[in-house]
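Examining the three-dimensional arrangement
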Amino acid sequence: MSVPIKVAVVYYSSTGTIAEVSKEIAQYAEKAGAEVRLLKAAELAPREAIDSNAAWAANAAATAEIPHATPDDIEWADAVIFGSPTRFGNIASQLKQFIDTLGGLWAQGKLANKVYSGFTSSATTHGGQESTLLALYTSFHHFGGIVVAPGYTDAAKFADGNPYGTSHVDAQGNNPVNDTTREAARIQAERIVHITTALKTGFTAA
């Protein structure tokens, strides 16, 4: 592949779980040969709310240098992988607000024919992970995008058990991102790079 495919990893994270998973996905996509932009959705919560939660404040400081996503980043990308914690079985308002800024690109047909995928986390098992990803994927259908989920294309996916995308149960911060989640991130990132490359250059064996 003479020109690497371009992957944007766009996430929102409050207390850091999704930020960590996003870095794993971005790193694995780069290792698979993609040019990657790691980006975050802008925070909407007031500073006093952030400062009232030590983990939230620590994550805000730790990720301060990560650029905010813009519509230009989405136009640039061949594939976009969105990440969000689950909020009542749906994506966080911060990520939804960013997606809502993409109307201009959508109207010009510039969101169509890109590859899209997603990842998530929740505090509890069965805490809305699958519904969050399915809700996110609804937008991709409206884009005219190509939804690429990991499925059970690798035996390791039976360990994390979510065919819709990488997901993690953080138990209110008591369960750090583990090897199972990292392996799921690897599988998803490599699959996105492989399928996007295939769409651009023609299919070859995985």
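Residues numbered from 1 in each chain as written. Predicted model: local features only at pLDDT ≥ 70, side-chain atom pairs only at ≥ 80, totals over all residues. Heavy atoms only, no water.

What follows covers the side chain of Asp-160. With respect to the helices and strands, Asp-160 occurs in helix 8 (residues 157–160). Within the local environment of Asp-160, its side chain forms a polar contact with the side chain of Lys-157, the two groups lying 3.0 Å apart. (Helix = DSSP H or I, 4+ residues; strand = E, 2+ residues; numbered from the N terminus. Polar contact = N/O pair within 3.5 Å; in protein donor to acceptor, adjacent residues only side chain to side chain.)

Here the focus is helix 9 (residues 179–201). Between its first and last C-alpha, helix 9 extends 32 Å over 23 residues, near the 33 Å set by a 1.5 Å rise per residue. Looking at where helix 9 begins, the residue whose side-chain oxygen comes 3.3 Å from the main-chain nitrogen of Thr-180 is Asn-178. Taken from the residues just after helix 9, Gly-202 is the one with a positive phi, measuring 110°. (Expected span 1.5 Å × (residues − 1).)

This part covers the layout of surface pockets. Size it by volume and the largest pocket reaches roughly 510 Å³. Around the largest pocket, the lining is made up of 25 residues, and of these Ser-14, Thr-15, Arg-87, Asp-170 and Gln-172 lie nearest the centre. Residue assignment for the lining of the largest pocket shows that the elements contributing at least two residues are helix 1 (17–31), helix 3 (54–62), strand 3 (79–87) and strand 5 (115–122). Along the lines of polarity and charge, the residues of the lining of the largest pocket split into 9 nonpolar, 13 polar and 3 charged. Approximately 260 Å³ is the volume attributed to the second largest pocket. Around the second largest pocket sit 14 residues that line it, and Gln-129, Asp-160, Asn-162, Ser-167 and Val-169 are the ones nearest its centre. For the lining of the second largest pocket, the secondary-structure elements that each account for two or more residues are helix 7 (129–143), strand 7 (167–169) and helix 9. Element by element, the count of residues in the lining of the second largest pocket is highest for strand 7, at 3 residues. (1 Å grid on protein atoms, 1.4 Å probe; cavity = no way out; pocket = protein on both sides within 12 Å on 5 of 7 lines; lining within 4 Å. Points joined across faces, edges and corners; volume = space filled by probe spheres on them. Nonpolar A, V, L, I, M, F, W, Y, C, P; charged D, E, K, R; others polar.)

Our next topic: the packing of helix 1 against helix 9. A pair of packed helices is characterised by two quantities: the angle between their axes and the separation of those axes. Orientation of helix 1 relative to helix 9, taken along the N-to-C sense of each, is 45°, at an axis distance of 8 Å. Our classification of the angle between helix 1 and helix 9 gives oblique. Our pair here, helix 1 against helix 9, has a crossing hand that is right-handed. Across from Glu-20, Val-21, Glu-24, Ile-25, Tyr-28 and Ala-29 in helix 1, the residues of helix 9 making contact are Thr-181, Arg-182, Ala-185, Arg-186, Gln-188, Ala-189 and Val-193. Taken together, the residues of the contact of helix 1 with helix 9 sort by class into 7 nonpolar, 2 polar and 4 charged. (Axes fitted to C-alpha atoms, helices over the stretch in contact; angles between N-to-C directions. Parallel < 35°, antiparallel > 145°, perpendicular 65-115°, else oblique. Left-handed = near helix turned anticlockwise from the far one by under 90°. Contact = heavy atoms within 4.5 Å.)

Another aspect to go through is unusual backbone geometry. Most of the time, phi is negative for any residue but glycine, and the peptide bond is trans. In this model, Phe-88 sits at a positive phi of 55°, which is unusual for a non-glycine residue. Looking at the element boundaries, Phe-88 is found in the loop between strand 3 and strand 4 (90–91). Located in the positive-phi region is Ala-171, a residue other than glycine, with phi close to 50°. Positionally, Ala-171 belongs in the loop between strand 7 and helix 9.

The next thing to look at is helix 7. Side chains that are three or four residues apart share a direction in an α-helix, a result of its 3.6 residues per turn. The first and last C-alpha atoms of helix 7 sit 22 Å apart over 15 residues, in line with the 21 Å expected at 1.5 Å per residue. Once helix 7 ends, the next one or two residues include Gly-144, with phi positive near 80°.

What follows is about the pattern of salt bridges. In the structure shown here, the tally under the stated rule is 12 salt bridges. Its salt-bridge partner being Arg-186, residue Asp-154 comes within 3.7 Å of it at the nearest N-O pair. In this pair, Asp-154 is assigned in the loop between strand 6 (146–147) and helix 8 and Arg-186 in helix 9, connecting sequence segments 32 residues apart. We note a salt bridge from Arg-186 to Glu-190, for which the minimum N-O separation is 2.7 Å. Linking Arg-186 with Glu-190, this pair stays in helix 9, spanning 4 residues, or about one helical turn. Take Glu-190: its relative accessible area is 34%, and that puts it in the partly exposed class. (Salt bridge = Lys/Arg side-chain N within 4 Å of Asp/Glu carboxyl O. Buried < 20%, exposed > 50% of the residue type's maximum accessible area, 1.4 Å probe, protein only.)

As paired strands, strand 1 (residues 6–11) and strand 2 (residues 35–40) are joined by 6 bridges and run parallel to one another. Its bridge partner being in strand 2, Lys-6 is matched across the sheet by Glu-35. Handedness of the β-α-β unit built from strand 1, helix 1 and strand 2 comes out right-handed. (Pairing = 2+ DSSP bridges. Right-handed = clockwise from strand over helix to strand, strands pointing away.)

Taken by themselves, the reported measurements are silent on function.
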